[in-house]
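Overview (structure and organization)
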Amino acid sequence: ALNHDKTETATFGLGCFWGPEAQFGALAGVVRTRVGYAGGRKSDPTYHNLGDHTEVFQIEYNPAVLSYRELLSRVFENHRPNYQASKTQYQNIILLATPEQRETLNTFLSERGFAADAIGTRIERLLGFYPAEDYHQKHNLRTDPTLSDVFDDSGYDDETVRESPAAAKLNGYASGHDIPKDDHLQTALSRTV
Ligand code: MHO
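Anyway, here's the lowdown on the structure attached to this text. Note that the structure is a prediction, hence the values are computed from the model and not measured. (Residues numbered from 1 in each chain as written. Predicted model: local features only at pLDDT ≥ 70, side-chain atom pairs only at ≥ 80, totals over all residues. Heavy atoms only, no water.)

**Considering the overall build of the protein**
- From N to C terminus, the protein includes eight helices and six strands.
- When the elements of the protein are put in sequence order from the N terminus, they spell out β-α-β-β-α-β-α-β-β-α-α-α-α-α.
- Looking at the 193 residues of the protein, the share that counts as buried comes to 45%.
- When contacts within the protein are restricted to residue pairs at least 6 apart in sequence, long-range pairs at least 24 apart make up 76% of them.
- Element-wise, carbon and sulfur atoms account for 46% of the exposed surface of the protein, whose accessible area totals about 9400 Å². (Helix = DSSP H or I, 4+ residues; strand = E, 2+ residues; numbered from the N terminus. Buried < 20%, exposed > 50% of the residue type's maximum accessible area, 1.4 Å probe, protein only. Contact = heavy atoms within 4.5 Å. Areas by Shrake-Rupley, 256 points an atom, 1.4 Å probe, with all protein chains shown as cover.)

As structure tokens, this is what we get:
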């Protein structure tokens with residue numbers, strides 16, 4: 001089994017955060033996922049009082065399995081960089097947490113022939129991340145009674161579900177994304193939660 005303790009974190013916005021949390025959670029190498037609000041200045045935003053923030057998903061991934069560059073490829077497969085949503089809540093945004101991520105993005109964009117200041121996708125430094133309400137975390141899992149009952153009946157609280165590697169995979173599965181039949185799913189599930 002792989003050591004999933006050495007994870008890195010990446011944060012992106014691609015519209016309503018439910019879908020991409022599930023999709024990226026299904027990827028081999030993604031260990032944990034959570035959704036939240038970022039990119040704005042308002043402190044303590046909530047879903048109904050979002051201010052200038054955007055819905056984002058944050059993933060913890062194992063860089064020995066999945067690279068930031070691969071994540072960027074997935075992000076660009078899943079949005080149109082020449083388009084931007086008018087509503088800040090649903091904008092496409094790449095939130096950079098480290099100089100290495102910025103470097104990787106710059107290389108990626110130049111190889112694709114994109115100029116960072118000529119695309120609609122926002123590219124900003126990650127200044128803060130506010131986790132969304134529990135009912136938004138692993139939304140597809142939560143709305144699947146078979147899956148959510150397993151966690152409820154086992155006594156897992158909301159934070160445990162949010163941070164659970166198994167829940168991240170099952171949330172992807174519940175959304176119809178292929179779960180890789182490999183070591184990573186086994187690892188996630190063998191950790192119980
Ligand atoms: N209100 C929309 C989007 C939710 S997403 C968390 C819906 O119910 O589908 O913004």
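**Let's talk about helix 2 (residues 68–77)**
- Taken as a whole, helix 2 has its buried residues at Y68, L71, L72, S73, V75 and F76.
- Those residues of helix 2 hidden inside the fold are in contact with strand 1 (8–14), helix 1 (18–25), strand 3 (54–61), strand 4 (92–96) and helix 3 (99–112).

**Quick notes on the packing of helix 2 against helix 3**
- Contact geometry of helix 2 with helix 3 gives a least axis separation of 10 Å together with a crossing angle of 50°. Classified by the angle between their axes, helix 2 and helix 3 sit oblique to one another. Both helix 2 and helix 3 take part in a crossing whose hand is right-handed. Contacts from Y68, R69, L72, S73 and F76 in helix 2 reach Q101, T104, L105, T107, F108, L109, E111 and R112 in helix 3. (Axes fitted to C-alpha atoms, helices over the stretch in contact; angles between N-to-C directions. Parallel < 35°, antiparallel > 145°, perpendicular 65-115°, else oblique. Left-handed = near helix turned anticlockwise from the far one by under 90°.)

**Section: the nonpolar core**
- Judged by nonpolar contacts, the single largest core of 26 residues is most densely connected at F12, F24, I59, Y61, Y68, L71 and I94.
- Mapped onto this core, the elements with two or more residues apiece are strand 1, strand 2 (30–38), strand 3, helix 2, strand 4 and helix 3.
- If one sorts the elements of this core by residue count, helix 2 sits on top with five residues.
- Beyond its immediate sequence surroundings of up to four residues, Y68 is in contact with A10, F12, Y61, I94, L96, Q101 and T104. (Core = buried A, V, L, I, M, F, W, Y, C linked by side-chain atoms within 4.5 Å.)

**Examining the environment of S175**
- Counting through the fold element by element, S175 comes out in the loop between helix 7 (165–174) and helix 8 (183–190).
- Along the chain, S175 and H139 lie 36 residues apart, while their C-alpha atoms are 9.4 Å from each other.
- S175 has contacts with A22 and N140, leaving out every residue within four places of it along the chain.
- Polar side-chain contacts of S175 include one of 3.2 Å to the side chain of N140. (Polar contact = N/O pair within 3.5 Å; in protein donor to acceptor, adjacent residues only side chain to side chain.)

**A look at the site of the ligand**
- Taken together, C16, F17, W18, Y47, E55, Q89, Y90 and H136 form the complete shell of residues around the ligand.
- Y47 places a side-chain nitrogen or oxygen 3.3 Å from an oxygen atom of the ligand.
- If the ligand stood free it would expose 310 Å²; the protein chains cover 61% of that surface.
- Among the residues making up the shell around the ligand, the classes are represented as five nonpolar, two polar and one charged. (Near = heavy atom within 4 Å. Nonpolar A, V, L, I, M, F, W, Y, C, P; charged D, E, K, R; others polar.)

**Structural notes on the packing of helix 1 against helix 7**
- Axis separation between helix 1 and helix 7 bottoms out at 7 Å; the angle between their running directions is 110°. Judged by the inter-axis angle, helix 1 sits roughly perpendicular to helix 7. As for the relative orientation of helix 1 and helix 7, their crossing is left-handed in sense. In contact with E21, A22 and G25 of helix 1, helix 7 contributes A168, K169, N171 and G172.
- Grouping the constituent residues of the contact of helix 1 with helix 7 by class yields two nonpolar, three polar and two charged.

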